[in-house]
Amino acid sequence: MKTARGFFKPLAIGAPAPWRELPARVERMIHFVPPHLEKVRAKVGEIAPTVDVILANLEDAIPADAKGAALAGTIALSREVDFAALGVGLWVRINCLNSPWHLDEVATLVEKAGDRIDVIMVPKVEGPWDIFYIDQLLASLEAKHGVTRPILLHAILETAEGVMNVEQIAGASPRMQGISLGPADLAASRAMKTTRVGGGHPGYRVIEDPHADGSPRVSVQQDLWHYTFAKMVDACAAHGIKPFYGPFGAIDDPVACEQQFRNAFLMGCAGAWSLHPSQIAIAKQVFSPDPTEVAFAKRILEAMPDGSGVAMIDGKMQDDATWKQAKVMVDCARQIAAKDAEYAALYGF
Ligand SMILES: CC(=O)SCCNC(=O)CCNC(=O)[C@H](O)C(C)(C)COP(=O)(O)OP(=O)(O)OC[C@H]1O[C@@H](n2cnc3c(N)ncnc32)[C@H](O)[C@@H]1OP(=O)(O)O
Ligand SMILES: O=CC(=O)O
Ligand SMILES: [Mg+2]
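With an unreviewed UniProt entry as reference, the protein chain is termed CoA ester lyase, source organism Caulobacter endophyticus. Among the UniProt annotations of the protein chain, the heading Sequence similarities (unreviewed entry) holds the following wording: "Belongs to the HpcH/HpaI aldolase family." As its UniProt record puts it under Cofactor (unreviewed entry), the protein chain is described as follows: "Mg(2+)".

A. Structural context of the site of ligand 2. Taken together, the neighbourhood of ligand 2 is formed by R93, E158, G182, P183, A184, D185, P247 and W273. Between ligand 2 and the protein, one listed contact pairs an oxygen atom with a backbone N or O atom of A184 at 2.8 Å. D185 is positioned such that a nitrogen or oxygen atom in its backbone is 2.8 Å from an oxygen atom of ligand 2. In the complex, 94% of the free accessible area of ligand 2, which totals 190 Å², lies under the protein chains. In terms of residue class, the shell around ligand 2 is made up of four nonpolar, one polar and three charged.

B. Focus on the site of ligand 1. The environment of ligand 1 is formed by 15 residues, the closest being F32, K39, K43, L275 and H276. Within the side chain of H31, a nitrogen or oxygen atom sits 2.9 Å from a nitrogen atom of ligand 1. Note that an oxygen atom of ligand 1 is positioned 2.4 Å from one of the side-chain N or O atoms of K43. Taken by itself ligand 1 offers 960 Å² of open surface, and the protein chains cover 59% of this. Where the shell around ligand 1 is concerned, the elements lending two or more residues are β1 (29-33) and α1 (38-41). Looking at side-chain class alone, the shell around ligand 1 contains eight nonpolar, three polar and four charged residues.

C. Highlighting the pairing of strand β4 (residues 119-122). Side chains of β4 alternate between two faces, with V119 and M121 and I120 and V122 buried alike. As paired elements, strand β3 (residues 89-93) and β4 share three bridges and run parallel to each other. Looking across to β4, one finds that V92 is bridged to I120. For the crossover that starts at β3, traverses helix α5 (residues 102-113) and ends in the parallel β4, the hand is right-handed. Note that the unit made of β4, helix α6 (residues 128-145) and strand β5 (residues 152-157) has a crossover that is right-handed.

D. Quick peek at the coordination of the magnesium ion (ligand 3). On the protein side, the magnesium ion (ligand 3) has E158 (OE) and D185 (OD) as donor atoms, found 2.1 Å from it. Here D185 lies in helix α9 (residues 183-189) and E158 lies in the loop between β5 and α7 (160-164), a separation of 27 residues in the sequence. For D185, a relative accessible area of 24% gives the class partly exposed.

E. Structural detail: the UniProt feature "binding site: Mg(2+)" (unreviewed entry) in the protein chain. Within the UniProt annotation, "binding site: Mg(2+)" (unreviewed entry) is assigned to E158 and D185. The greatest C-alpha distance among the annotated residues, which extend across 28 residues, is 5.2 Å, indicating that they converge on a single site. Once residues within four sequence positions are removed from consideration, E158 is found in contact with P123, K124, G182, D185, L186 and S189. Side-chain polar atoms of E158 contact the backbone nitrogen of K124, separated by 2.8 Å.

What counts and what doesn't
- Residues numbered from 1 in each chain as written.
- Chains lettered and ligands numbered in written order.
- Predicted model: local features only at pLDDT ≥ 70, side-chain atom pairs only at ≥ 80, totals over all residues.
- Heavy atoms only, no water.
- UniProt positions renumbered as here; feature names shortened; annotations may be inferred.
- Near = heavy atom within 4 Å.
- Polar contact = N/O pair within 3.5 Å; in protein donor to acceptor, adjacent residues only side chain to side chain.
- Areas by Shrake-Rupley, 256 points an atom, 1.4 Å probe, with all protein chains shown as cover.
- Nonpolar A, V, L, I, M, F, W, Y, C, P; charged D, E, K, R; others polar.
- Helix = DSSP H or I, 4+ residues; strand = E, 2+ residues; numbered from the N terminus.
- Buried < 20%, exposed > 50% of the residue type's maximum accessible area, 1.4 Å probe, protein only.
- Pairing = 2+ DSSP bridges.
- Right-handed = clockwise from strand over helix to strand, strands pointing away.
- Donors = N, O, S within 2.8 Å, 3.2 Å for Na, K, Ca; no water.
- Contact = heavy atoms within 4.5 Å.

Below you can see the structure in the form of structure tokens.
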């Protein structure tokens, strides 16, 4: 690992100084776009004002013979829409580091759109060495092309080895912006016997003991992802970066999508991926704190102006710890309100 002093030094002569703090951005939904499809790309200008992040996807779901078109489409997209003016992030998911595509992709992206791309999402990250590699590569390319704002990195946690190393991945570089859970590839990597993209499974349950009278036993579906989620959230929080839920593949089941997103939100995630336009509103609603909760959190802050002592509100004890929870909630709401007039009105900011 780097020394403490070395951690924030640029990795190439002429590369921009790394971020010391993550830029404050609202990232409730990362909306995936297949950039090789002109028809879909043409609609991005219309969709962009309704999302926090547009992600041009170059990896899985893009056919092998369309990788070049997807890269060209990404560059075109970065020029066709002024994402910065809209306050919308532009992210790109590159192909994985053992693929034949990633090197040309990173080189082209930095050369042709390095000053417009906010975050590069790296799939199938196995350990900190993957981040060291891409960190150095980006620094060299940024220096070469005079990029003045470092591109951030986002890792997908989607292999068993990656889960084992998630803490080191989260702290591998000041470029690390966050980590998403990738349940589809992770399921395959673990040899889980499923065919889904995220969500629960009706077979994964706990069941009560048999009844003496032989009456039916209650069983309840459990969360397949809880362990990984908790590990990822703690790794991200400890390193000051953001955890995200990834994809929910059942586009036809908005109720389960909302539940999956809500579990992630309550566990500390900043957002989730939207694969289809119908998932944008779900993510927006779930990852914007409930106005009633925000109002209660404001009351806690008002009752304890210096954040210490004890107070009772509506029969509930408040102290320094609930004050901190309230501050997380109100800060999140304030950040959203600054971007989103609808929520500013709901929160009363
Ligand atoms: C495990 C993982 O790696 S997940 C990440 C990789 N996967 C992806 O990125 C998938 C992204 N999403 C998609 O490609 C598509 O949404 C699909 C294939 C899932 C479904 O597409 P369709 O069958 O066309 O959906 P549907 O017919 O409901 O689409 C309705 C409209 O929304 C458009 N649309 C669909 N998805 C998107 C999208 N992600 N962004 C913008 N527009 C979209 C369609 O083009 C269609 O437009 P039209 O009415 O003008 O024809
Ligand atoms: O890339 C995402 C996944 O779930 O796999
Ligand atoms: Mg994947």
